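Listed below, chain by chain, are the residues.
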Amino acid sequence: MKNNELETKSELQEESLFDKTVGRRSFLQYAGAGAAGIALVAAGCRKDRGYDNPVMGGVTLDFKDDFGVLNYAYALEQLEAAFYIQVANSNTQFTGTNAAAKKAYFQDIQFHEIAHREFFKAALSTAAIGSLEVDFSSIDFTSEASVLAAAMAFEDLGVSAYNGAGPRIKNGTYLLLAGKIVSVEARHAAYVRDLISNGSFADLNSLASLGANNSAGLDAALTPDKVLAAAQKYIKTKINVINL
């Protein structure tokens, strides 16, 4: 009972945070006509575009159409939002003369990720997968070094995920929206990398394992199966993938 009470309290605090910082009205403006367009189409779709699967267990991402890709993005945004919320709730001890600035910027990133998550949730409507259960037991949230390392991993993986999924998106509106979001994720990634090692924000050679090509000036890009395999250690919910 105690765990359920804590979870409910956390959900209520998060909802209050979203209302006060991003704002539901501001969020709708952020989402714009694109979100409304997605929601109208998604509302007319069966839930098997991306759904909770009682037979296989967990949730299923069906990549047969654009809604599978959007649910894939929604899953990743759930993970990132949960991480930054945990950072805020853990009172991570940032160090240095710019400690206050680090904390403030991490809060900004938190609000961005919540906005991205809520954007996909609202846009997909009944076609959206359920909430994922995360596992951050491998991260020491009291340690700045541990938090920064995890943040870099999440942001770099997020950028590579959007870039790798782009070719699968057929609808131009969805592709534009994904482009707007991945550019923000790339800003996050650059900032976190620079905190870890000053001047490394544009080091594409270090991202070669994620598909970056320094000589061509191209950022990381990974296929969904590789991204999900890398993210799985942080997700308790089983994610089934079909039609990839």
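Per chain, residue numbering runs from 1 following the sequence as it is written. Restriction of local features to residues with pLDDT of at least 70 applies here, the model being predicted, together with a cutoff of 80 or more for giving and counting side-chain atom pairs; totals for whole chains, interfaces and linings are based on all residues. Derived side-chain values reflect all non-hydrogen atoms in the structure, with water molecules and hydrogen atoms excluded from consideration.

Visitor: Provide a residue-level description of the nonpolar core, including the pertinent values.
Guide: Throughout this description, the term nonpolar core refers to a set of buried Ala, Val, Leu, Ile, Met, Phe, Trp, Tyr and Cys residues connected via side-chain atoms within 4.5 Å. Each residue is assigned to one of three classes by its accessible area relative to the maximum for its type, calculated with a 1.4 Å probe on protein chains only: buried under 20%, partly exposed between the two thresholds, exposed over 50%. Of all hydrophobic cores here, the largest spans 58 residues; its most connected members are Tyr-72, Phe-83, Phe-106, Phe-120, Phe-136, Ile-139 and Phe-154. Broken down by element, this core gets its largest block of residues, twelve residues, from helix α3 (residues 66-90). Contact partners of Phe-83, with chain neighbours within four places excluded, come to Phe-136, Ile-139, Phe-141, Val-147, Ala-150, Ala-151 and Phe-154. Only DSSP runs of H or I covering at least 4 residues are called helices, and only runs of E covering at least 2 are called strands; the numbering of each starts at the N terminus. Residues count as neighbours in contact if any of their non-hydrogen atoms are within 4.5 Å of one another.

Visitor: Requested: an account of helix α6 (residues 172-196), with residues and values cited.
Guide: A helix's residues, less one, multiplied by 1.5 Å, set its expected span. Helix length check: α6, at 25 residues, gives a terminal C-alpha distance of 36 Å against a target of 36 Å (1.5 Å per residue), a fit within 8%. Those residues of α6 that sit buried are Tyr-174, Leu-177, Ala-178, Ile-181, Val-182, Glu-185, His-188, Ala-189, Val-192 and Arg-193. Whenever two N or O atoms come within 3.5 Å, that pair is a polar contact, provided that in protein one can donate a hydrogen and the other can accept it, and provided that, for residues adjacent in sequence, both atoms are side-chain atoms. The N-terminus of α6 is capped by Asn-171, whose side-chain oxygen sits 2.8 Å from the backbone nitrogen of Thr-173.

Visitor: Please give an account of the packing of aromatic side chains that cites residues and values.
Guide: Only rings of Phe, Tyr and Trp enter the pairing, Trp through its six-membered ring, and a pair is recorded when the two centres are within 6.5 Å. The plane angle decides the type: under 30 degrees is stacked, over 60 is edge-to-face, the rest tilted. Going through the model one piece at a time under the given rule, you end up with 14 aromatic pairs. Centre to centre, the rings of Tyr-84 and Phe-106 are 5.7 Å apart; their planes meet at 55°, and the pair counts as tilted. Here Phe-106 lies in helix α4 (residues 99-124) and Tyr-84 lies in helix α3, a separation of 22 residues in the sequence. The pair Tyr-84 / Phe-106 is uniform in exposure class, with both members buried. Among the aromatic residues, those joined into a ring-pair cluster are Phe-83, Tyr-84, Phe-94, Phe-106, Phe-136, Phe-141, Phe-154 and Tyr-234.

Visitor: Talk me through the packing of helix α5 (residues 144-165) against α6; I want residue IDs and the actual numbers.
Guide: The relative placement of two packed helices is expressed as an angle between their axes plus a distance between the axes. Contact pair α5 / α6: the axes reach a minimum separation of 8 Å and the direction vectors enclose 150°. The orientation of α5 relative to α6 falls into the category roughly antiparallel. Regarding α5 and α6, the two cross each other, and that crossing is left-handed. Counted together, Leu-148, Ala-149, Ala-151, Met-152, Glu-155, Asp-156, Val-159, Tyr-162 and Asn-163 of α5 and Ala-178, Ile-181, Val-182, Glu-185, Ala-186, His-188, Ala-189, Val-192, Arg-193, Leu-195 and Ile-196 of α6 form the full contact between these two elements. Only Asp, Glu, Lys and Arg are considered charged in this grouping, and only Ala, Val, Leu, Ile, Met, Phe, Trp, Tyr, Cys and Pro are considered nonpolar; every other residue, Gly among them, is considered polar. Among the residues forming the contact of α5 with α6, the class breakdown is 14 nonpolar, two polar and four charged. In this analysis, axes come from line fits to C-alpha atoms, helices being fitted only over the stretch in contact, and the angle between any two N-to-C directions falls in the range 0 to 180 degrees. In this scheme, roughly parallel covers angles under 35 degrees and roughly antiparallel covers those over 145, while 65 to 115 is roughly perpendicular and the rest are oblique. Note on convention: the crossing is left-handed when the near helix lies turned anticlockwise from the far helix by less than a right angle, right-handed when the turn is clockwise.

Visitor: An account of the packing of α4 against α5 is needed here, citing residue identities and associated values.
Guide: At a closest axis distance of 13 Å, the pairing of α4 and α5 adopts a crossing angle of 35°. Seen along the crossing, α4 lies across α5 with a hand that is left-handed. Here α4 contributes Lys-102, Phe-106, Ile-109, Glu-113 and Phe-120 to the contact with α5, which in turn contributes Glu-144, Val-147, Leu-148, Ala-151, Glu-155 and Tyr-162. Class assignment for the residues of the contact of α4 with α5 results in seven nonpolar, no polar and four charged.

Visitor: Run through unusual backbone geometry, naming residues and quoting values.
Guide: Of note in this structure, Asn-91 is not a glycine but carries a positive phi near 55°. For Asn-91, a relative accessible area of 45% puts it in the partly exposed group. Not every positive phi belongs to a glycine, and Asn-243 is a case in point at roughly 55°. Within the secondary structure, Asn-243 is located in the segment after β3 (239-242).

Visitor: Tell me about the side chain of Glu-80, and please be specific about residues and values.
Guide: Relative to the elements of secondary structure, Glu-80 occurs in helix α3. It is Arg-117 that comes nearest to the buried, bridge-free Glu-80 among opposite-charge side chains, at 11 Å. Ignoring anything within four residues of it in the chain, the contact list for Glu-80 reads Glu-113, Phe-154, Glu-155 and Glu-185. His residues and chain termini do not enter the charge count, which takes Lys and Arg as positive and Asp and Glu as negative. Salt bridges are identified by distance alone: a Lys or Arg side-chain nitrogen within 4 Å of an Asp or Glu carboxyl oxygen.

Visitor: Just give me the short version of the environment of Gln-93, but keep the residues and values in it.
Guide: When you line up the elements, Gln-93 lands in the loop between α3 and α4. For the pair Gln-93 and Glu-144, spaced 51 residues apart in sequence, the C-alpha to C-alpha distance is 6.0 Å. If sequence neighbours within four positions are ignored, Gln-93 has contacts with Thr-142 and Glu-144. Looking at Gln-93, its side chain comes within polar contact range of the main-chain oxygen of Asn-91, at 2.9 Å.

Visitor: Explain the environment of Leu-176 to me, and be specific about the residues and the numbers.
Guide: Mapped onto the fold, Leu-176 is located in helix α6. Sequence-wise, Leu-176 and Gly-166 are ten residues apart; in three dimensions their C-alpha atoms are separated by 9.6 Å.

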